[in-house]
Amino acid sequence: MDKMKKEKERFAVDKIQKFDESYRNVCRDAFLYGKVSASVLCGIGMVFLMVPVEVLKYDPIGMAGFLFTGCIVSALGIWQYMMAYLVVRQDGKMMPLSEILKYMPVTKAQLRKVRLGYLNRFCLRLGAVTFALQQLTSFLGRSFGWKSVCIAVCQSAAVWLLSLLLVYWKYGMDRIARWRHV
């Protein structure tokens, strides 16, 4: 019985991923704009996050604000990327994608699982790049050490958590469209 349930789950996830693939082909512009705005915002956020740890000892509160700003800007970039997967414009209004998918034999939990997979993949890539750049600037600034590694890991985790909050806030995917009246 459990094997059949897992098979059904995998079938539903495959359906969602196939829908996303065809949706990406139809709405290329929305995905392109999302990727471009995400790249710009994440790039700006990475500049904020590339500060060597040694600078923190001179002005800890100012630098904490600087790093927090970098995390927020990066999370907003991830949010821009994820919006193409969460809402769609129909008849001039923003509509949750789950409204379109409610006629498919998939549950909201399965849809969230797929969307969370996209979010995790993007955050892991961004976190790896941010970690590498932060370690490079720390190494070049001669402040490489365990503090540098801990701060880089905490920055990546903070960006992921902020992105998770922005994308799956307590109201869920259905209410995101109501926030953005365009």
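It should be noted that the structure appears before, not after, this text.
Residues numbered from 1 in each chain as written. Predicted model: local features only at pLDDT ≥ 70, side-chain atom pairs only at ≥ 80, totals over all residues. Heavy atoms only, no water.

Caption draft 1: Summary view of empty space enclosed by the protein. Under the criterion given, the structure shown has two cavities of 30 Å³ or more. Taken as a whole, the largest cavity spans an internal volume of roughly 60 Å³. What lines the largest cavity is Leu 49, Ser 74, Cys 123, Leu 126, Gly 127, Thr 130, Gln 155, Ser 156, Val 159 and Trp 160. (1 Å grid on protein atoms, 1.4 Å probe; cavity = no way out; pocket = protein on both sides within 12 Å on 5 of 7 lines; lining within 4 Å. Points joined across faces, edges and corners; volume = space filled by probe spheres on them.)

Caption draft 2: Region of the structure containing the pairing of strand S1 (residues 87-90). Of the pairings in the sheet, the one linking S1 to strand S2 (residues 93-96) comprises four bridges and is antiparallel in character. Across the sheet, residue Gln 90 finds its bridge partner in S2, namely Lys 93. What sits between the antiparallel neighbours S1 and S2 is a turn of two residues, in which Asp 91 has the positive phi angle 55 degrees. (Pairing = 2+ DSSP bridges. Helix = DSSP H or I, 4+ residues; strand = E, 2+ residues; numbered from the N terminus.)

Caption draft 3: Expanded view of the packing of helix H2 (residues 28-49) against helix H5 (residues 108-140). Packing of H2 against H5 leaves a shortest axis separation of 10 Å and a crossing angle of 35 degrees. Here H2 and H5 pass one another in a crossing that is right-handed. Within the contact between the two elements, H2 uses Ala 38, Cys 42, Met 46 and Leu 49 and H5 uses Phe 122, Leu 126, Val 129, Thr 130, Leu 133 and Gln 134. Partitioned by chemical class, the residues of the contact of H2 with H5 number eight nonpolar, two polar and no charged. (Axes fitted to C-alpha atoms, helices over the stretch in contact; angles between N-to-C directions. Left-handed = near helix turned anticlockwise from the far one by under 90°. Contact = heavy atoms within 4.5 Å. Nonpolar A, V, L, I, M, F, W, Y, C, P; charged D, E, K, R; others polar.)

Caption draft 4: Region of interest: the packing of aromatic side chains. Across all of its chains, the model carries seven aromatic pairs by this definition. With centroids separated by 5.8 Å and ring planes inclined at 5 degrees, the aromatic side chains of Phe 19 and Tyr 23 adopt a geometry described as stacked. Residue Phe 19 and its partner Tyr 23 are both found in helix H1 (residues 2-26); the two are separated by four residues, about one turn of the helix. When its relative accessible area of 10% is taken as the criterion, Tyr 23 is described as buried. Geometrically, the ring pair formed by Phe 31 and Tyr 85 is edge-to-face, given 5.0 Å between the ring centres and 70 degrees between the ring planes. Remark: Tyr 85 occurs in helix H3 (residues 60-86) and Phe 31 occurs in helix H2; sequence separation between them is 54 residues. Assigned by exposure class, Phe 31 and Tyr 85 land together as buried. (Phe/Tyr/Trp six-rings, centres within 6.5 Å; stacked < 30°, edge-to-face > 60°. Buried < 20%, exposed > 50% of the residue type's maximum accessible area, 1.4 Å probe, protein only.)

Caption draft 5: Structural detail: the nonpolar core. Ranked by size, the top nonpolar core spans 35 residues in total, and within it Ile 78 and Met 82 carry the most contacts. Every element with two or more residues in this core is listed here: H1, H2, H3 and H5. For this core, the leading source of residues is H3, giving nine residues. If we ignore the near neighbours within four places in the chain, the residues touching Ile 78 are Cys 42, Leu 119, Phe 122, Cys 123, Leu 126, Val 159 and Ser 163. (Core = buried A, V, L, I, M, F, W, Y, C linked by side-chain atoms within 4.5 Å.)

Caption draft 6: Just the pattern of salt bridges, in detail. Under the defined criterion, the tally for this structure stands at three salt bridges. For Glu 9, the salt bridge identified is with Lys 113, shortest N-O distance 3.8 Å. Pair noted here: Glu 9 is in helix H1 and Lys 113 is in helix H5, with a separation of 104 residues, a long-range link. Between Arg 10 and Asp 14 there is a salt bridge, with its nearest N and O atoms 2.9 Å apart. With a gap of four residues between them, Arg 10 and Asp 14 both fall in helix H1, about one helical turn apart. (Salt bridge = Lys/Arg side-chain N within 4 Å of Asp/Glu carboxyl O.)

Caption draft 7: Seen up close, the environment of Phe 139. Structurally, the position occupied by Phe 139 is in helix H5. What makes Phe 139 exposed here is its relative accessible area of 57%. Separated by 87 residues in sequence, Phe 139 and Pro 52 place their C-alpha atoms 8.3 Å apart.

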